[in-house]
Amino acid sequence: MTLFFFCLLLISNSSAIAGQVCFKRAMGHADVVGWHRAGWIGAGLVGGAIGFFFWLALLPHFPLSKIFPIEAIDRPMMAVAASVFLREKLTPQLLVGIAVITVGAVLVSAT
Amino acid sequence: MASLTSEPDSAALNSEQIVRKPAWYLNPYVHIGLNVILCSVAQILFKVGSDHTPGGSLLGVSSFGSVAVCLGIACMIAGLIAWLQALRFVPLIIAFSLAAAQQVFIPLGCWFFLGEQISLIRWTGILVVTLGIVIIARPLARLEERL
């Protein structure tokens, strides 16, 4: 994978993570309703759509079973984003689980 | 006499109804599982569709002419609805970690449906990802049992 394609993957991941944070803001609070909720969902969809287009551009160049696991770098990125932007608690067990999942995904993608 | 004995029963029934667990299809973890399956199917459909459309488009727009890609988008939309429902009750980091099951389902789907090879190291990785999901899911499963 060249630097160009790796940058495309990073843009895809970052946009998708921003979208997920917006989705959680939309659905996670009882006081977020109506147009307020629709706005956050819309922002989430825009983030997801940007990530999706970059992902679709990457797909024809690599076998899916090889490129998809590389996306696992978004697990630690998401842990940081959830902690910083949503103030979600990261327990030791959760961090161990995320680390194991990331290692597993790297093993899958290393072949 | 009958009414005296029936009163506590009806009270117990009412309290049981109040604390009764919601139906299984309302469980947010079922929605996460549904999201995982639908998104895995969608990714395989995207791969099939993009392989059968001409390349050269940087953002893959030409792939939208493919039936497989359109079906994949439909699966993604259904998966998104399930995901939003799950996010109402589950913290994002836990839901996102459990959704790592896609890392298992997609390579297995590619192997089974697309004939892509899975090496021994990749099988090991799939097992390690599964272990990570179990580490995160076990305390949640215990909590569910207590409720």
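The structure displayed is predicted, hence computed values, not measured ones.

1. Looking at the overall build of chain B
Here is step 1 of the chain: Across its full length, chain B carries six helices and zero strands.
Here is step 2 of the chain: Starting at the N terminus and ending at the C terminus, chain B contains elements arranged as α-α-α-α-α-α.
Here is step 3 of the chain: By residue count, 35% of the 147 residues in chain B fall in the buried class.

2. Structural notes on the nonpolar core
Here is step 1 of the chain: Ile101 of chain A together with Leu87, Ile93, Ala95, Leu98, Ala99 and Val129 of chain B are the most contacted members of the largest nonpolar core, which has 63 residues in total.
Here is step 2 of the chain: The element contributing the most residues to this core is helix H2 (residues 28–51) of chain B, with nine residues.
Here is step 3 of the chain: Excluding its chain neighbours within four sequence positions, the residues that come into contact with Val129 of chain B are Ile101, Gly104 and Ala105 of chain A together with Ala100, Gln103 and Val104 of chain B.

3. Observations regarding unusual backbone geometry
The phi torsion of most residues other than glycine is negative, and most of the peptide bonds are trans.
Residues and elements named next belong to chain A.
Here is step 1 of the chain: One non-glycine residue, Arg87, lies in the positive phi region at around 55°.
Here is step 2 of the chain: Along the chain, Arg87 turns up in the loop between helix H4 (74–85) and helix H5 (92–109).
Here is step 3 of the chain: According to the C-beta neighbour criterion, Arg87 is exposed, with 7 such atoms within 10 Å.

4. What to know about the interface of chain A and chain B
One widely used convention gives an interface's size as the accessible area the parts lose upon coming together.
Here is step 1 of the chain: The partner chain B presents 39 residues to the 37 residues of chain A that form the contact.
Here is step 2 of the chain: Counting only elements with at least two residues in the side of chain A that touches chain B, the list comes to helix H1 (3–27), helix H2 (34–58), helix H3 (64–70), H4 and H5 of chain A.
Here is step 3 of the chain: The leading source of residues in the side of chain A that touches chain B is H5 of chain A, at 12 residues.
Here is step 4 of the chain: Its residues placed into classes, the side of chain A that touches chain B shows 27 nonpolar, seven polar and three charged.

5. Focus: the environment of Thr102 of chain A
Residues and elements named next belong to chain A.
Here is step 1 of the chain: Topologically, Thr102 is positioned in helix H5.
Here is step 2 of the chain: Sequence spacing of Thr102 and Ala38 is 64 residues, and the spatial spacing of their C-alpha atoms is 32 Å.
Here is step 3 of the chain: When near neighbours in sequence (up to four residues on either side) are disregarded, Thr102 contacts Ala72, Arg75 and Pro76.

6. Section: the packing of H2 of chain B against helix H5 (residues 102–114) of chain B
Residue and element names in this part refer to chain B.
Here is step 1 of the chain: At a closest axis distance of 9 Å, the pairing of H2 and H5 adopts a crossing angle of 45°. One way to sum up the angle between H2 and H5 is to call them oblique. Viewed along their axes, H2 and H5 form a crossing whose handedness is right-handed. Here Val36, Cys39, Ser40, Gln43, Ile44 and Lys47 of H2 lie close against H5, whose contacting residues are Gln102, Phe105, Ile106, Gly109, Cys110, Phe113 and Leu114.
Here is step 2 of the chain: Of the residues that constitute the contact of H2 with H5, the class distribution is eight nonpolar, four polar and one charged.

7. Concerning the packing of H1 of chain A against H2 of chain A
Residues and elements named next belong to chain A.
Here is step 1 of the chain: Where H1 meets H2, the closest approach of the two axes is 7 Å, and the angle between their N-to-C directions is 160°. Classified by the interaxial angle, the pair formed by H1 and H2 is roughly antiparallel. H2 is crossed by H1, and the crossing has left-handed handedness.
Here is step 2 of the chain: Tallied by class, residues from the contact of H1 with H2 come to 18 nonpolar, nine polar and two charged.

So, how was this worked out
- Residues numbered from 1 in each chain as written.
- Chains lettered and ligands numbered in written order.
- Predicted model: local features only at pLDDT ≥ 70, side-chain atom pairs only at ≥ 80, totals over all residues.
- Helix = DSSP H or I, 4+ residues; strand = E, 2+ residues; numbered from the N terminus.
- Buried ≥ 20, exposed ≤ 12 C-beta atoms within 10 Å, placed from the backbone.
- Core = buried A, V, L, I, M, F, W, Y, C linked by C-beta atoms within 7 Å.
- Contact = placed C-beta atoms within 7 Å.
- Nonpolar A, V, L, I, M, F, W, Y, C, P; charged D, E, K, R; others polar.
- Axes fitted to C-alpha atoms, helices over the stretch in contact; angles between N-to-C directions.
- Parallel < 35°, antiparallel > 145°, perpendicular 65-115°, else oblique.
- Left-handed = near helix turned anticlockwise from the far one by under 90°.

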